[in-house]
Amino acid sequence: MLLFSLGGYASSHREAPLISNDPLADNTDVYAFKSPDDPNTITIIANYIPFESPEGGPNYYNFGTHVRYEIHIKNKVSSAGDDITYRFTFSSTNEDPTTFFNIRLGKQNLKTTYKCEKSTDGGQSFITIVDNGIVPPNNIGPRSIEGKTVGLETDYNTLVQGAIATASSGEKVFCGPVDDPFFVDLAGAFDAGNFRPEGNTTNAPKDALNRFNVHTIAIKVPVNLLQKDGKGISQASSILDPDYVIGVWASASRQMIKTLYNEGDVGYDGQYVQVSRLGMPLTNEAVIPIGMKDLWNSQTPYGGNDLQFAKYFTNPELALYMDDSQFGTAVPSLAALRIQTKSLGSFDFRNGKPGLYGLKGNAALDGTALAEAAFGGILLPDAMSPRAVDLLPIFYTGVPNLAPYQLATGKNNNPLAKGKPFIHNFLPTLGDMLRLNMAVPATPRNDPKFSSLGLVQAAVLGITDPAYNTSTDLQFIPNMDGFPNGRRLEDDVTTIELQAVSGVVLAAIGLFYDDATATAPVSPALLSVLTFNSGPTKNDVALKTAFPYVQNPWRGYDYPEKARF
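The structure reproduced in this document is the subject of the present report.

Parameters at a glance
- Residues numbered from 1 in each chain as written.
- Predicted model: local features only at pLDDT ≥ 70, side-chain atom pairs only at ≥ 80, totals over all residues.
- Heavy atoms only, no water.
- Helix = DSSP H or I, 4+ residues; strand = E, 2+ residues; numbered from the N terminus.
- Rg over C-alpha atoms; globule rule 2.2 N^0.38 Å.
- Buried < 20%, exposed > 50% of the residue type's maximum accessible area, 1.4 Å probe, protein only.
- Contact = heavy atoms within 4.5 Å.
- Areas by Shrake-Rupley, 256 points an atom, 1.4 Å probe, with all protein chains shown as cover.
- Lys, Arg positive; Asp, Glu negative; His and termini not counted.
- Charge placed at Lys NZ, Arg CZ, Asp CG, Glu CD.
- Core = buried A, V, L, I, M, F, W, Y, C linked by side-chain atoms within 4.5 Å.
- 1 Å grid on protein atoms, 1.4 Å probe; cavity = no way out; pocket = protein on both sides within 12 Å on 5 of 7 lines; lining within 4 Å.
- Points joined across faces, edges and corners; volume = space filled by probe spheres on them.
- Nonpolar A, V, L, I, M, F, W, Y, C, P; charged D, E, K, R; others polar.
- Pairing = 2+ DSSP bridges.

1. What to know about the overall build of the protein chain
Thinking step 1. When its secondary structure is counted, the protein chain shows 13 helices and 14 strands.
Thinking step 2. Since a compact globule built from 565 residues should have a radius of gyration of about 24 Å, the 24 Å found for the protein chain is in line with a globular shape.
Thinking step 3. Once the C-alpha set of the protein chain is aligned to its principal axes, its extents read approximately 75 × 55 × 45 Å.
Thinking step 4. Counting every position in the protein chain, which comprises 565 residues, the buried fraction comes to 56%.
Thinking step 5. In the protein chain, once contacts between residues fewer than 6 apart in sequence are set aside, the share between residues at least 24 apart is 70%.
Thinking step 6. As displayed, the protein chain offers around 21600 Å² of accessible surface, 53% of which is attributable to carbon and sulfur atoms.
Thinking step 7. On the protein chain, the mean spot of the 44 positive side-chain charges and the mean spot of the 57 negative ones are 2 Å from each other.

Here it is in structure tokens:
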């Protein structure tokens, strides 16, 4: 089926009151995708430190030396917490404290290194898999990097390649500053959804992360190290093999006590406390209310912690701005996005409405994911949680390859019938994390059908393209490896999530928009949603074709070589 998230803006840049004052620990984005140049590996990227201005010396942005950065992997439902944890700790050394230059006389003064540890027993014990890993210096300028005598006399790409480590357990690892690959019109988003996709000569679409850097932790992991039984990709039974589903999230933690001493010394003591986390993009940014954001960041997605936030997914606030009976007429930029009020003549998915709850207990649900014996208690909890059927599973469980979560193709206008298998990234842990079925192939980036709309575009192809819509056979459809089945660097998650809030997922499984008919399900309203975009649709620089895929950081000396907009 399809999945997607909700309302959204910047993925997680300064999203909560406490973390907005602690940028070194602020997790901005998490990505997990099939490596486009290697089907046997998965690349996971966790970015930190938002809005790094490249010229920000003499104390350029760097990983915190008293921050515990972690990437968490879940591959079983039978265990209570992490099944795999990667932990990164950083150290910095000033070789010559008498100079204020980071690089001088052919040497790097401030050197940052890291240790990567790995746990496979729920965090009870760790082994070091990279010791003394290298973090490249900031891309200060040509005199410091390429220059002779006073500079390092090299090029920045060589520094990046020299910093890619091979872990003792087989992973490739890179830690360092990079271009922020996320793109979004922040100013429009936070002005009550006042996006400007069409732009004009004085108010063009604006990528707020344009020409800013972040610090990235990137790991390229063989599939057999992530699969729960140690199986490689060649052992998958199909492209939807349920045993190849993983959940990924990242965090940052600090010690409880920070003490400022006379003469500038700082002390850190006490246990580590989680201060930032991120799984699905935009969750804390645009779904969790401001009074709960710090609490959200302090929780893990385990042990039922996230259930207290479920109500914000089943009745998302942003949906009120796509509902003409609420505030739908107040924000013209969202006019293309409406919500079904009479899908198939009766089903209403506006906030507080029953959605599919009227089917509760109906024998027609037998054998579907909505049956009480399956997940009906979660997906049809009551008559006032309409989006529990689509938005909640996307964030909290992933989506099973069961009706109704299959494409409308072959259903003959019955959304509860079996349709064309679409995706299976079901990991029912009832917590927010980025879920990825590792058996799904990567879509080549030069494929003419490659799209930044991820699963939305895959669904469109599955319903409308004769190459896929003439049978209900399982097929690989381009972009089945896109968000929200994992998250690729190219995916336009803001647009996808806005489309999902408007009900495009429901339409894909046969709960079409109000103006659809039995003979014309691809209605004007659906086309309006599919052609909507939130402004910037790709990153401001091209991505690399090889690990770590993210582009080199912007160079400080070049600022401001050109206007950001």
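Picking up after the structure, the text goes on.
2. Digging into the nonpolar core
Thinking step 1. Grouped together as the largest cluster of nonpolar side chains are 124 residues, with contacts concentrated most on Ile71, Tyr86, Phe88 and Tyr114.
Thinking step 2. The contact partners of Phe88, leaving out residues within four places of it in the chain, are Val67, Arg68, Tyr69, Ile71, Tyr114, Lys115, Cys116, Val173, Cys175, Ile217 and Ile219.
Thinking step 3. Leu240, Leu407, Ile423 and Leu461 belong to the second largest nonpolar core, which has 14 residues in total.

3. Quick word on empty space enclosed by the protein
Thinking step 1. Evaluated as defined, the whole model comprises four cavities of 30 Å³ or more.
Thinking step 2. Each pocket or cavity is described by its volume, and for the largest cavity that value is around 90 Å³.
Thinking step 3. Here the residues of the lining of the largest cavity are counted per class, giving five nonpolar, five polar and no charged.

4. Points about the sheet that holds strand β9 (residues 165-166)
Thinking step 1. Read from one edge of the open sheet, five strands run β1-β2-β11-β10-β9, paired in antiparallel fashion. The open sheet has two edge strands with one neighbour each: β1 (27-34) and β9.
Thinking step 2. Here eight bridges tie strand β10 (residues 172-179) to strand β11 (residues 213-222), and the two strands are oriented antiparallel to one another. If you follow Phe174 over to β11, its bridge partner there is Ala218.

5. Overview of helix α11 (residues 493-501)
Thinking step 1. Among the nine residues in α11, nine count as buried, and that is most of the element.
Thinking step 2. For α11, the set of buried residues is Val493, Thr494, Thr495, Ile496, Glu497, Leu498, Gln499, Ala500 and Val501.
Thinking step 3. Two residues or fewer after α11 comes Gly503, characterised by a positive phi angle close to 105°.

6. Re the pairing of strand β3 (residues 67-74)
Thinking step 1. Burial analysis of β3 places seven of its eight residues in the buried class, the great majority of the element.
Thinking step 2. Here β3 pairs with strand β12 (residues 245-260) via eight bridges, running antiparallel. Paired with Tyr69 across the bridge in β12 is Ala252.
Thinking step 3. Summarising the sheet, β3 and strand β4 (residues 84-94) pair through five bridges and their orientation is antiparallel. Note that in β4 the partner of His72 across the bridge is Thr85.

7. Concerning the layout of surface pockets
Thinking step 1. Approximately 840 Å³ is the volume attributed to the largest pocket.
Thinking step 2. Together, 38 residues line the largest pocket, and Leu24, Asn62, Phe63, Gly64 and Thr65 are the ones closest to its centre.
Thinking step 3. For the lining of the largest pocket, the secondary-structure elements that each account for two or more residues are β4, β12, β13 (266-278) and α6 (293-298).
Thinking step 4. For the lining of the largest pocket, the residue count by class is 17 nonpolar, 16 polar and five charged.
Thinking step 5. The computed volume of the second largest pocket comes to approximately 400 Å³.
Thinking step 6. Lining the second largest pocket are 19 residues, and of these Arg445, Phe450, Glu490, Ala542 and Leu543 lie nearest its centre.
Thinking step 7. Across the lining of the second largest pocket, the residue classes tally to ten nonpolar, four polar and five charged.

8. Thoughts on helix α10 (residues 454-464)
Thinking step 1. Inspection of α10 places Gly454, Leu455, Val456, Ala458, Ala459, Leu461 and Gly462 among the buried residues, and these make up the whole buried set.
Thinking step 2. Of the surrounding elements, those touching the buried residues of α10 are α11, α12 (504-508) and α13 (524-530).

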